[in-house]
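Tertiary structure, described
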Amino acid sequence: MLFFICLILVYLGLNLFIWKRSVNWLHNLHGIFHAKWFTILFTAVHILLAVSPAAYALFSNAAIKFAIKYISNIWIGIFIYAMFFMVLSLLVTVAGRLARRIKKGDPLRRRFVVIRGAVVAVLIIGFSTYGMVHVGNIKTSTYDITVNKACAAGNELKVVLIADMHMGYSIGEEQMTKMVRRINDQNPDLVCIAGDIFDNDYSALQNPDKLIEIYRSIKSKYGVYACYGNHDVVENLVGGFTVPFGDVQKNETEMNDFLEKANIKLLQDQTQLVDQAFYVIGRRDYSKPGTENGSRKSIKDLMEGVDRTKPVLLIDHQPKDLQEVADAGVDVDLSGHTHDGQIFPGNLTIRLLWENACGYLKKDNMHSIVTSGVGIWGPAMRVGTDSEIAVININFKQKTTD
């Protein structure tokens, strides 16, 4: 609770910083912006945007709630870039003063303030607009790997990995239709969904029946298998962060029913032998497993009874404990969660937090593949990263001995 309160105070303080910098620039830009009515109007709009991440919860009407939440997701991205570029411009100003290039009494100072503010405004608008548009551009990443085992399904297996759709306020039918089209273009043998299918609130789905129909149109020889992620639970969120009170974070019955109707096999700490040829294991999420006691089975327990001569594919939302997973005998570890940082500069810092933040990593005999995901969380933008599906071409090669 203390962390949450501190987070709110920091957020309010940063909004005050953005407001003051914006008003100062507008006052220097033109005399009309000095008018009291304009300052009041600008302040009111800023306050409405600033409180939107929490305000949506005050409304019961689905349409109003959806609209406010959608706007708040855009605002969060604008807020991040406003902070980033305003702080950067402030550092440039401080550096200029230290170098005695910019003086407080200099008559050219107003021109500098106007130009500096215009550059910041263009950058904020440019990055935000690009990020909102770029979300819908779904790329295909391809990985060719070799597993030194024989497989009764044949010498090759084409797996499509998707994750982090976050269906709800920002992602709906249009993005899912594009995704399924991309999947079917690959003619996959198997499709694996590595969690965060929903964005916490099932009621945010505008047309669940249509979305179910879209998912049912996925064409895959051995079907579609999925695990849940940390956002596939019901919980109270403010700006994407968990509010530290409420019930146990559990999976909604509606979510389970959705997957069943969509012909998606949900594996919750379960092991499935597919066509007597290979195993698919689906793990509960590491941080929010959706169980009453917050527990999930160990990979060692999940591997009990598994025929190690057959290929083993693991779907685990978060790419954690890779060495432990490799030691347990998993051949291919499929994950999501990281979004590859989603928006700049997160794409530059995310690799400090994960051994495999996105892409491919070989861990002993195990192949770890992490996708940046199809959808978005929080800011309704992607900058410096791509929405993607990952195609894994697995070549099976019987291990030989000398």
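Everything quoted here is computed from the prediction, not taken from an experiment.

1. Section: the layout of surface pockets
Taken as a whole, the second largest pocket spans an internal volume of roughly 580 Å³. Ile18, Ser22, Phe42, Met86 and Ile124 are, among the 26 residues lining the second largest pocket, the residues nearest its centre. For the lining of the second largest pocket, the elements supplying multiple residues, two or more each, are α1 (2–29), α2 (36–55), α3 (62–98) and α4 (109–134). Residue contributions to the lining of the second largest pocket peak at ten residues, all from α4. Of the residues that constitute the lining of the second largest pocket, the class distribution is 17 nonpolar, seven polar and two charged.

2. Let's talk about the packing of α1 against α2
Across the interface, α1 lies against α2 with an axial gap of 11 Å and an inter-helix angle of 150°. Relative to α2, the element α1 lies roughly antiparallel. You can see that α1 and α2 cross each other, and the crossing is right-handed. Mapping the contact onto sequence places Tyr11, Asn15, Ile18, Trp19, Ser22, Val23, Leu26 and His27 in α1 and Phe38, Thr39, Phe42, Thr43, His46, Leu49, Ala50 and Pro53 in α2. Of the residues belonging to the contact of α1 with α2, the class tally is ten nonpolar, six polar and no charged.

3. Focus: the packing of aromatic side chains
One pass over the structure, following the stated rule, counts 18 aromatic pairs. With a centroid separation of 5.1 Å and an interplanar angle of 85°, the aromatic rings of phenylalanine 84 and phenylalanine 85 are classed as edge-to-face. The class of phenylalanine 84 is partly exposed, set by a relative accessible area of 28%. Ring centres 5.3 Å apart and planes at 85° place the aromatic pair phenylalanine 198 and phenylalanine 258 in the edge-to-face group. Linking phenylalanine 198 in the loop between β3 (190–194) and α6 (208–216) with phenylalanine 258 in helix α7 (residues 253–261), this pair joins segments that are 60 residues apart in sequence. Taken individually, phenylalanine 198 and phenylalanine 258 each receive the classification buried, so the pair is uniform in this respect. Every member of this aromatic cluster is reached through a ring pair, and the members are Tyr81, Phe84, Phe85, Phe127 and Phe344. Against the face of tyrosine 286 rests lysine 320, its NZ or CZ located 4.5 Å from the ring centre.

About the cut-offs
- Residues numbered from 1 in each chain as written.
- Predicted model: local features only at pLDDT ≥ 70, side-chain atom pairs only at ≥ 80, totals over all residues.
- Heavy atoms only, no water.
- 1 Å grid on protein atoms, 1.4 Å probe; cavity = no way out; pocket = protein on both sides within 12 Å on 5 of 7 lines; lining within 4 Å.
- Points joined across faces, edges and corners; volume = space filled by probe spheres on them.
- Helix = DSSP H or I, 4+ residues; strand = E, 2+ residues; numbered from the N terminus.
- Nonpolar A, V, L, I, M, F, W, Y, C, P; charged D, E, K, R; others polar.
- Axes fitted to C-alpha atoms, helices over the stretch in contact; angles between N-to-C directions.
- Parallel < 35°, antiparallel > 145°, perpendicular 65-115°, else oblique.
- Left-handed = near helix turned anticlockwise from the far one by under 90°.
- Contact = heavy atoms within 4.5 Å.
- Phe/Tyr/Trp six-rings, centres within 6.5 Å; stacked < 30°, edge-to-face > 60°.
- Buried < 20%, exposed > 50% of the residue type's maximum accessible area, 1.4 Å probe, protein only.
- Lys NZ or Arg CZ within 6 Å of the ring centre and 35° of its normal.

Everything listed here is a matter of coordinates, which is why it stays silent on function.
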